[in-house]
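Residue-level structural notes
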Amino acid sequence: MWKKIFPLLFLLTVTNLLFAQDAVSSIENFFLPKTTIGGYGELHFNQEAIKFGKQTKTLDFHRFVVFIGHSFSEKWSFKSEIEIEHNFVEGGQGELAIEQANINFRANKFFGFRVGVILNSVGIINEIHEPPTFLSVERPEYSKYIVPTTWYGNGASIFGKLGGFDYVLSAMEGLDGNGLTTKNIESSGIRKGRVNGFKSDARSILLNGRINYFGFNGIIFGGSFTFNNAIGDTKNIQVALSEFHFNVNKYNIVAVGEMANIAYGNSEVNNSFGYYFDLGYNLSSLLRFGKSIIPFVRYTNYNTAFSTKSGGNSEKEFNKIKWMIGLSFKPVDEVVFKVDYAERKVELNNAKTRLFNFGIGYMF
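**A word on the overall build of the protein chain**
Regarding its fold elements, the protein chain presents four helices and 16 strands. With respect to the three principal axes, the spread of C-alpha positions in the protein chain is 105 × 55 × 40 Å. For the protein chain, buried positions account for 42% of its 364 residues. Nonlocal contacts in the protein chain, meaning residues at least 24 apart in sequence, comprise 57% of its contacts between residues at least 6 apart. A total of about 19500 Å² of accessible surface is found on the protein chain, and carbon and sulfur atoms cover 63% of it. Taking the average location of the 37 positive side-chain charges in the protein chain and that of its 33 negative ones, the two points are 5 Å from each other.

As structure tokens, this is what we get:
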């Protein structure tokens, strides 16, 4: 009897395994193209009081951003970011911009590429700048005057992960040398040299490389280097930006830091330099309330005219020192309420400015 039954059972088992394998294979190979929508935004109240000067108070819906993405297949996708600043665009007021619009291909975790409007891979906040991801109401001043956030343009990059490292290598539109006058560099570094994808000059490509190490749980540190020969009508300005950054979120401790130096060639300004450091502690596990409650302190020092050919007071006029205390509260991971108080001092005349900010931000 068993001699007759066993071959039948064996045949049924093999057939079942074959069908099961086909089913698993079909599930693994099945892909449904999809379109996704996300975004972020932030409302700010800002009060600024200059010693022996006027006081200003503003209420501003600073940013409204929409993400639109589409996955064509498991390897091919599209990503975009459309931003409106200050709630209104007309007659030179407000700003409407496409900060990302690129086709992505990811072959595997080791290699992928993107082409279109891309973000320059420099610092922390330029790539990840949603309000719940940083502690202060406004982005750090370092992220405006030293590493100008958000810095984007037409170009392409390759990226991937190798062991505990991830990397990005980019080639994108260069800076506008006409925007890098001595006056502009002294007041805002390379910020006014950005073209933002508008009929960008392709004669001198900007090169950028960034590497991060994330092998320790809750700790990321890395750096980047950016070089460009910014073409102008009368002269070219060579720009070399090197920076280091770290982000620690472990044992309820939050510590973030960035430091950068910009070297200029063929300019009255030799260097811009700056850094900031955040230190906070998440009290949510102690208070048993909300996803995170982080009181924090920040120290910032930046000088867009750190070294000049003339020296003297020209190196002190734009040297700014700022300290801040604040509180960041997230009832859920995607929503944040923030408040901070800061004092900023200029080295040349010790002029002090007091700043108070309150804001709410979200992302989804």
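**Focus: the side chain of serine 170**
Relative to the helices and strands, serine 170 resides in strand 7 (residues 165-172). Note on serine 170: relative accessible area 5%, which makes it buried. Those residues in contact with serine 170, other than ones at most four positions away along the chain, are Ile118, Ser121, Ala156, Ser157, Leu206, Leu207 and Asn208.

**Some remarks on the environment of alanine 351**
Here alanine 351 is to be found in the loop between strand 15 (335-346) and strand 16 (352-363). Remark: the alpha-carbon pair of alanine 351 and isoleucine 50, spanning 301 residues in sequence, is separated by 7.9 Å. Residue contacts for alanine 351: discarding those within four places in its chain leaves Arg344, Lys345 and Val346.

**A short note on the nonpolar core**
Ranked by internal contacts, the top residues of the largest apolar core, which has 34 residues, are Trp151, Leu175, Leu180, Ile190, Val239, Leu241 and Tyr264. Where this core is concerned, the elements lending two or more residues are helix 2 (142-145), strand 10 (237-250), strand 11 (253-265), strand 12 (269-281) and strand 13 (292-308). Contacts of tyrosine 264, omitting those with residues within four sequence positions, involve Ile185, Gly189, Ile190, Ile237, Gln238, Val239, Val269, Asn270, Asn271 and Ser272.

**Section: the environment of proline 131**
You can see proline 131 is positioned in the loop between strand 5 (111-119) and helix 2. Separated by 204 residues in sequence, proline 131 and valine 335 have C-alpha atoms that sit 8.4 Å apart. Contacts of proline 131, omitting those with residues within four sequence positions, involve Tyr40, Gly41, Glu42, Val336, Lys338, Gly361 and Tyr362.

**Re the packing of aromatic side chains**
For the coordinates displayed, the defined rule picks out 19 aromatic pairs. Considering the side-chain rings of phenylalanine 244 and phenylalanine 246, the 6.4 Å spacing of their centres and the 40° angle between planes classify their relative orientation as tilted. Its end group placed over the ring of phenylalanine 159, arginine 114 keeps NZ or CZ at 4.2 Å from the ring centre. Looking at lysine 338, its charged tip hangs above the ring of phenylalanine 134, at a distance of 3.8 Å from the centre.

**A closer look at the pattern of salt bridges**
Under the counting rule described, the total for this entry stands at 11 salt bridges. A salt bridge links aspartate 166 to arginine 210, with the shortest nitrogen-to-oxygen separation between them at 2.6 Å. Here the residue aspartate 166 occupies a position in strand 7, and arginine 210 occupies one in strand 8 (residues 206-213), the gap between them amounting to 44 residues. Overall, the relative accessible area of 18% leaves aspartate 166 in the buried class. A salt bridge links arginine 354 to glutamate 343; its shortest N-O distance comes to 3.3 Å. One end of the pair, arginine 354, is in strand 16; the other, glutamate 343, is in strand 15, with 11 residues separating them in the sequence. Since its relative accessible area comes to 37%, arginine 354 is described here as partly exposed. Take glutamate 343: its relative accessible area is 16%, and that puts it in the buried class.

**Details of unusual backbone geometry**
Of note, the amide linkage connecting threonine 149 to threonine 150 takes the cis form, showing an omega dihedral of 10°. Residue placement: threonine 150 occurs in the loop between helix 2 and strand 6 (152-162). The phi dihedral of histidine 86 is positive, around 65°, even though this residue is not glycine. Looking at where histidine 86 falls in the secondary structure, it is placed in strand 3 (residues 76-90). Its relative accessible area of 35% is what places histidine 86 among the partly exposed residues. Even without a glycine there, the phi angle at asparagine 266 is positive, about 65°. With respect to the secondary-structure elements, asparagine 266 resides in the loop between strand 11 and strand 12. Overall, asparagine 266 belongs to the partly exposed group, its relative accessible area being 44%.

**Looking at a nonpolar patch on the surface**
Together, Tyr251, Ile253, Phe277, Leu279, Tyr281, Leu286, Leu287, Phe289, Val297, Tyr299, Trp323 and Ile325 make up an exposed nonpolar region whose accessible area comes to about 1200 Å². Of all the secondary-structure elements, those providing two or more residues to the nonpolar patch are strand 12, helix 4 (284-287), strand 13 and strand 14 (319-332). Among the elements that make up the nonpolar patch, the one with the highest residue count is strand 12 (three residues). Position of leucine 279 relative to the elements: it lies in strand 12.

Criteria and cut-off values
Residues numbered from 1 in each chain as written. Predicted model: local features only at pLDDT ≥ 70, side-chain atom pairs only at ≥ 80, totals over all residues. Heavy atoms only, no water. Helix = DSSP H or I, 4+ residues; strand = E, 2+ residues; numbered from the N terminus. Buried < 20%, exposed > 50% of the residue type's maximum accessible area, 1.4 Å probe, protein only. Contact = heavy atoms within 4.5 Å. Areas by Shrake-Rupley, 256 points an atom, 1.4 Å probe, with all protein chains shown as cover. Lys, Arg positive; Asp, Glu negative; His and termini not counted. Charge placed at Lys NZ, Arg CZ, Asp CG, Glu CD. Core = buried A, V, L, I, M, F, W, Y, C linked by side-chain atoms within 4.5 Å. Phe/Tyr/Trp six-rings, centres within 6.5 Å; stacked < 30°, edge-to-face > 60°. Lys NZ or Arg CZ within 6 Å of the ring centre and 35° of its normal. Salt bridge = Lys/Arg side-chain N within 4 Å of Asp/Glu carboxyl O. Patch = residues over 30% accessible without salt bridge, like charges linked within 9 Å, V, L, I, M, F, W, Y side chains within 5 Å.

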